[in-house]
Amino acid sequence: MTRGPYETRLDPALWAYIDAVNAWYPPEILGLPIDKQRAVYDRMSRAFHQGRPPGVKASAGLIAAAGRDIPVRRYQFAGKAARAMVVYYHGGGFILGGLDSHDDICAELCAATGFDVLSVDYRLAPEHVHPAAFDDAVTAFEWAAAATDLPLVLCGESAGGNLAAGVVQATRRHIRAAIGQVLIYPGLGGDETTGSYVEHAAAPLLSVADIAFYRDVRSAKRQSLDDPTFSPLRDRDFSALPPTVIVTAECDPLSSDGETYRDRILASGGKAWWHEEPRLVHSFLRARTTVPAAAEAFARIVAAVGALGRGEWPY
C-alpha cells in the first residue's frame with residue numbers, strides 16, 4: 001500500500017502492525033464475498049490471539065430471544081468477587097467477528113479489572129440488516145440486567161462502540177441502566193464533511209470508503225441515517241446518559257465522532273471524557289502487545305472501565 005503522509009507520521013512498530021494486518025486482511029478484500037472476508041478475518045484474529053491470562057475462566061451460554069438464540073461468553077476471574085459486569089460488543093464493521101475474534105481482549109479486560117465480562121455474539125449483516133444487531137445488543141443488556149445484581153458497564157469498539165452507545169441511549173431510563181460506558185474508536189454516524197473524516201479520509205486500516213461500505217451493507221432498504229439506533233449521534237436527546245469515556249485514534253476518520261459525542265453529553269449536563277490517542281490508527285487494540293503507544297492506550301481503557309465499574313469518575 002502507499003503510505004503517503006503517514007510514512008513518517010507513524011512509528012516503525014505501528015507500521016509493522018499495519019503491514020501484518022494488511023498481509024492477512026488486505027484492503028482489496030472488500031471486493032470478495034462476505035463469507036470469504038469472514039474466513040480471512042477469523043484466520044487473522046487467530047494469528048493475533050494472545051491467549052487468556054491465568055485465572056480467567058470463560059463459559060459459553062445462550063440468551064433466548066424471539067425466534068433466535070444469542071450466543072454469549074462470560075469471563076470471570078477466579079478467586080475474586082466481581083464488583084461489576086462489563087457487557088462487551090465486538091468490532092468488525094457489523095459483518096465480521098464474534099466471540100473468538102475478541103476473546104483475548106475480553107479475557108484481559110476481565111483479568112485487569114476483576115469484573116465479569118459478557119461478550120455478545122450479535123447477528124451480522126448482510127444476512128441480518130439493521131436493527132438486528134442493535135436488537136441483539138439490547139436483549140443482551142436486558143438479560144444481564146435481570147441475571148445479575150452487579151452494576152453494568154457497557155463497552156464496545158468500532159461497530160461495537162456504535163452498539164454500546166445505541167443501547168445506552170435506548171435504555172437510559174431502565175431500572176438497571178448502565179452506570180457507565182466506554183467506547184473505543186466508535187462509529188457514531190457523525191458529519192462526514194468535516195474533521196477527521198476529511199483529514200484522515202485515507203488513513204491506514206480504515207478509510208471513509210471502508211466506512212461507506214460497512215454502512216451500506218448494514219442498511220435496510222430506505223434506512224434513515226437519522227435513526228439514533230443506527231447513528232447514535234443523530235439522537236436529539238443526550239441527557240441522562242451515564243458517565244462516558246471515549247478513546248479514539250488520531251489517524252482514523254472516526255475520531256471526530258468521539259469528540260462530538262463528548263460535546264453533546266457535556267452540553268446536556270452529563271459527564272464525558274474524550275481522548276484522542278496520538279499517532280495511532282483504527283483497530284489499535286490488536287497492537288497492544290507490540291506497539292508501546294497502543295499498550296498505553298489499552299491501559300487507559302482498562303483503567304476507565306475499572307473506575308466506572310467502581311462508581312468513580314477519575315477525569
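This text goes with the structure placed above it.
None of these values were measured; they are calculated from a predicted model.

Here we look at the sheet that holds strand 6 (residues 180–184)
For step 1, the next point in the chain: Sheet architecture is open: eight strands sit in the order 1-2-4-3-5-6-7-8, paired in mixed fashion. Unpaired on one side and paired on the other, strand 1 (56–65) and strand 8 (272–281) mark the two borders of the sheet. Strand-to-strand twist of the sheet, defined as the mean angle between neighbouring strand axes without regard to direction, takes the value 20°.
For step 2, the next point in the chain: Bridge count between strand 7 (residues 244–251) and strand 8: seven bridges; the pairing is parallel. Along strand 8, the bridge assignment pairs Thr248 with Glu276.
For step 3, the next point in the chain: Sheet strands touched by helix 4 (residues 103–113): strand 1, strand 2 (68–77), strand 3 (85–89) and strand 4 (116–120). Its angle to strand 2, the strand with the most contacts, is close to 45°.

Points about the side chain of Glu157
For step 1, the next point in the chain: Position of Glu157 among the secondary structure elements: in strand 5 (residues 152–157).
For step 2, the next point in the chain: Summary of buried charges: Glu157 has no salt-bridge partner, and the nearest side chain of opposite charge, Arg286, is 6.0 Å away.

Notes on the environment of Ser255
For step 1, the next point in the chain: Within the secondary structure, Ser255 sits in helix 9 (residues 255–267).
For step 2, the next point in the chain: Residue classification places Ser255 among the buried positions, given a relative accessible area of 0%.
For step 3, the next point in the chain: Spatially, the C-alpha atoms of Ser255 and Tyr185 are 6.5 Å apart, while their sequence positions differ by 70 residues.
For step 4, the next point in the chain: Beyond its immediate sequence surroundings of up to four residues, Ser255 is in contact with Ser196, Thr248, Ala249, Glu250, Trp274 and Glu276.

Points about the pairing of strand 5
For step 1, the next point in the chain: Where burial is concerned, most of strand 5 is hidden: six out of the six residues are buried.
For step 2, the next point in the chain: By the alternation rule, side chains of strand 5 split into Leu152, Leu154 and Gly156 and Val153, Cys155 and Glu157, which are all buried.
For step 3, the next point in the chain: Sheet analysis places strand 3 next to strand 5, joined by five bridges and oriented parallel. Following the sheet pairing, Val86 is matched in strand 5 by Val153.
For step 4, the next point in the chain: The pairing of strand 5 with strand 6 spans five bridges and is classified as parallel. The partner of Glu157 across the bridge, within strand 6, is Ile184.
For step 5, the next point in the chain: In this region the chain leaves strand 5, passes through helix 6 (residues 159–170) and returns to the parallel neighbour strand 6; the handedness of that crossover is right-handed.

Some words on the nonpolar core
For step 1, the next point in the chain: Tyr25, Val182, Phe284 and Leu285 are the most contacted members of the largest nonpolar core, which totals 60 residues.
For step 2, the next point in the chain: Of the residues forming this core, the biggest block, eight residues, is contributed by helix 10 (residues 292–309).
For step 3, the next point in the chain: When residues no more than four places from it in sequence are discounted, the contact partners of Tyr25 are Leu30, Gln37, Val40, Tyr41, Met44, Leu96 and Tyr214.
For step 4, the next point in the chain: Ranked by size, the runner-up nonpolar core spans 41 residues in total, among them Tyr89, Leu241, Tyr261 and Ala272.

The rules behind the values
Residues numbered from 1 in each chain as written. Predicted model: local features only at pLDDT ≥ 70, side-chain atom pairs only at ≥ 80, totals over all residues. Heavy atoms only, no water. Pairing = 2+ DSSP bridges. Helix = DSSP H or I, 4+ residues; strand = E, 2+ residues; numbered from the N terminus. Axes fitted to C-alpha atoms, helices over the stretch in contact; angles between N-to-C directions. Contact = heavy atoms within 4.5 Å. Buried < 20%, exposed > 50% of the residue type's maximum accessible area, 1.4 Å probe, protein only. Lys, Arg positive; Asp, Glu negative; His and termini not counted. Salt bridge = Lys/Arg side-chain N within 4 Å of Asp/Glu carboxyl O. Right-handed = clockwise from strand over helix to strand, strands pointing away. Core = buried A, V, L, I, M, F, W, Y, C linked by side-chain atoms within 4.5 Å.

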